[in-house]
Amino acid sequence: MLEYTFSYTDLEYFILILVRVSCFVYVAPFFSMSNTPRRVRIGLSIFVTLLLYQVVPHDVLEYETLLGYFVIVMKEAVVGLLIGFAANLCSTVVSFAGHIADMEMGLSMANLMDPSTKQSSTISGIYYNYMVLLMLMISGMHRYLLKALAETYLLIPVNGAVFKSEELMAAMIGFMSDYIIIGFRICLPIFAVMIILNSVLGILAKVSPQLNMFAVGIQMKVLVGISILFLSTAMLPGAANFIYTQMKRAVVSFVETML
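All figures in this text were calculated on a predicted structure; none of them were measured in a lab.

Some remarks on the pattern of salt bridges
The full count for this structure, using the stated rule, is 1 salt bridge. Between E76 and R20 there is a salt bridge whose closest N-O contact spans 2.8 Å. Residue E76 is located in helix α3 (residues 66–91), and its partner R20 is located in helix α1 (residues 8–27); the two are separated by 56 residues in the primary sequence. Overall, the relative accessible area of 0% leaves R20 in the buried class.

Encoded structure:
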């Protein structure tokens with residue numbers, strides 16, 4: 001007969017670890033996709049918590065009332081949300097790049113329902129999102145995220161987070177500036193070709209005013225844009241590697257603001 005006993009201190013630590021892990025799984029890319037069943041998320045959170053519970057050092061929690069323990073729980077929840085949010089910011093760059101590409105090609109009105117987020121997204125955004133996410137999965141992004149979450153307990157133990165608002169704000173502003181640069185780098189081939197095409201159409205409109213460049217330009221933009229979109233697919237592995245590197249930097253910078 002299997003008998004297993006635990007004290008209230010063990011239960012408190014287990015709940016605190018579960019809160020950080022579950023908040024991270026709820027926000028982190030790939031794990032937070034809306035088409036992922038909730039039972040899978042809950043089961044993964046409990047399984048990871050059981051593994052971390054065996055190795056996380058159990059220090060004495062200092063609190064006096066139930067409100068004090070609630071504050072510790074909220075601190076662990078914020079730590080998990082910030083770490084997952086740092087990684088999720090990088091994965092949304094591709095949707096931004098797809099939106100810019102569709103605006104240049106004239107497909108910004110053709111929106112689709114993204115099943116992963118249950119939000120309206122452009123055609124190129126969904127294409128970039130799934131392709132880059134697939135390459136990140138092949139590169140081991142999910143293993144890195146779980147490993148990074150486990151290593152945060154070495155740097156930020158339970159009830160050991162110190163939130164530095166100024167450094168956290170500086171890290172977020174610094175990353176948002178890189179956010180736009182990364183998005184333009186991904187859609188730069190389409191953006192550059194559309195500028196050249198607009199210049200050519202403008203010259204033709206002056207040379208032969210009798211041609212309806214508005215009707216011709218819409219068709220040419222769509223055809224040329226889709227062609228460049230598929231021709232630039234070979235550049236996506238480099239973009240995925242760049243996003244992977246930026247994801248690591250973002251997670252590290254956000255963790256440093258809580259040390």
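From this point on, the discussion continues.
Structural notes on the packing of helix α4 (residues 93–105) against helix α5 (residues 123–138)
Relative to each other, α4 and α5 sit at 145 degrees, their axes nearing to 7 Å. The two elements α4 and α5 cross, and the hand of that crossing is right-handed. Where α4 approaches α5, its residues V94, S95, A97, G98, A101, D102 and M105 are matched on the opposing element by I123, S124, G125, Y128, N129 and V132. Residues of the contact of α4 with α5, tallied by class, amount to 7 nonpolar, 5 polar and 1 charged.

Thoughts on the packing of aromatic side chains
The full count for this structure, using the stated rule, is 4 aromatic pairs. Each ring, one from F14 and one from Y53, has its centre 5.9 Å from the other, and the planes form 75 degrees; the classification is edge-to-face. Linking F14 in helix α1 with Y53 in helix α2 (residues 38–55), this pair joins segments that are 39 residues apart in sequence. A residue is classified by how much of its surface remains accessible, and Y53, at 11% relative accessible area, is buried. A centroid spacing of 5.9 Å and a plane angle of 85 degrees characterise the contact between Y144 and Y244, whose relative ring orientation is edge-to-face. Placement of the pair is Y144 in helix α6 (residues 141–155) and Y244 in helix α10 (residues 236–256), with a sequence separation of 100 residues. Classification of Y144 as buried rests on a relative accessible area of 18%. Its end group placed over the ring of Y153, R20 keeps NZ or CZ at 4.1 Å from the ring centre.

Concerning the packing of α1 against α2
What describes two packed helices is the angle between their axes and the distance between those same axes. Where α1 contacts α2, the two axes come as close as 9 Å, and the packing angle between them is 135 degrees. It follows from the interaxial angle that α1 and α2 lie oblique. In the crossing of α1 with α2, the sense of the turn from one axis to the other is right-handed. Here D10, Y13, F14, I17, L18, V21, S22, V25 and Y26 of α1 come into contact with α2, specifically with R41, L44, S45, I46, V48, T49, L50, L52 and Y53. Across the contact of α1 with α2, the residue classes tally to 13 nonpolar, 3 polar and 2 charged.

Thresholds, definitions, all that
Along every chain, residues carry numbers that run from 1 in the direction the sequence is written. For a predicted model such as this one, the threshold for reporting local features is a pLDDT of at least 70, and the threshold for listing and counting side-chain atom pairs is 80 or more; totals across whole chains, interfaces and linings nevertheless cover every residue. No hydrogens and no water enter the side-chain calculation; it runs on all heavy atoms of the structure. Definition used for salt bridges: Asp or Glu carboxyl oxygen within 4 Å of a side-chain nitrogen of Lys or Arg. Comment: elements are numbered from the N terminus, with helices defined as DSSP H or I runs of at least four residues and strands as E runs of at least two. Relative accessible area decides the class of each residue, using a 1.4 Å probe on protein chains only: under 20% of the type maximum gives buried, over 50% gives exposed, and in between gives partly exposed. Note on geometry: axes are C-alpha line fits, over the in-contact stretch for helices, and angles between N-to-C directions span 0 to 180 degrees. For a crossing to be left-handed, the near helix must be turned anticlockwise from the far one by less than a right angle; the clockwise case is right-handed. Contact definition: two residues touch when any of their heavy atoms are within 4.5 Å. Following the grouping adopted for this structure description, the nonpolar residues are Ala, Val, Leu, Ile, Met, Phe, Trp, Tyr, Cys and Pro, the charged ones are Asp, Glu, Lys and Arg, and the polar ones are all others, Gly among them. Any Phe, Tyr or Trp ring, taking Trp's six-membered ring, that has another such ring centre within 6.5 Å forms a pair; planes under 30 degrees apart are called stacked, those over 60 apart edge-to-face, and the others tilted. We count a charge as sitting over a ring when the NZ of a lysine or the CZ of an arginine lies within 6 Å of the ring centre and within 35 degrees of the ring normal. Throughout this description, any angle smaller than 35 degrees is read as roughly parallel, any larger than 145 degrees as roughly antiparallel, any in the 65 to 115 degree range as roughly perpendicular, and the remainder as oblique.

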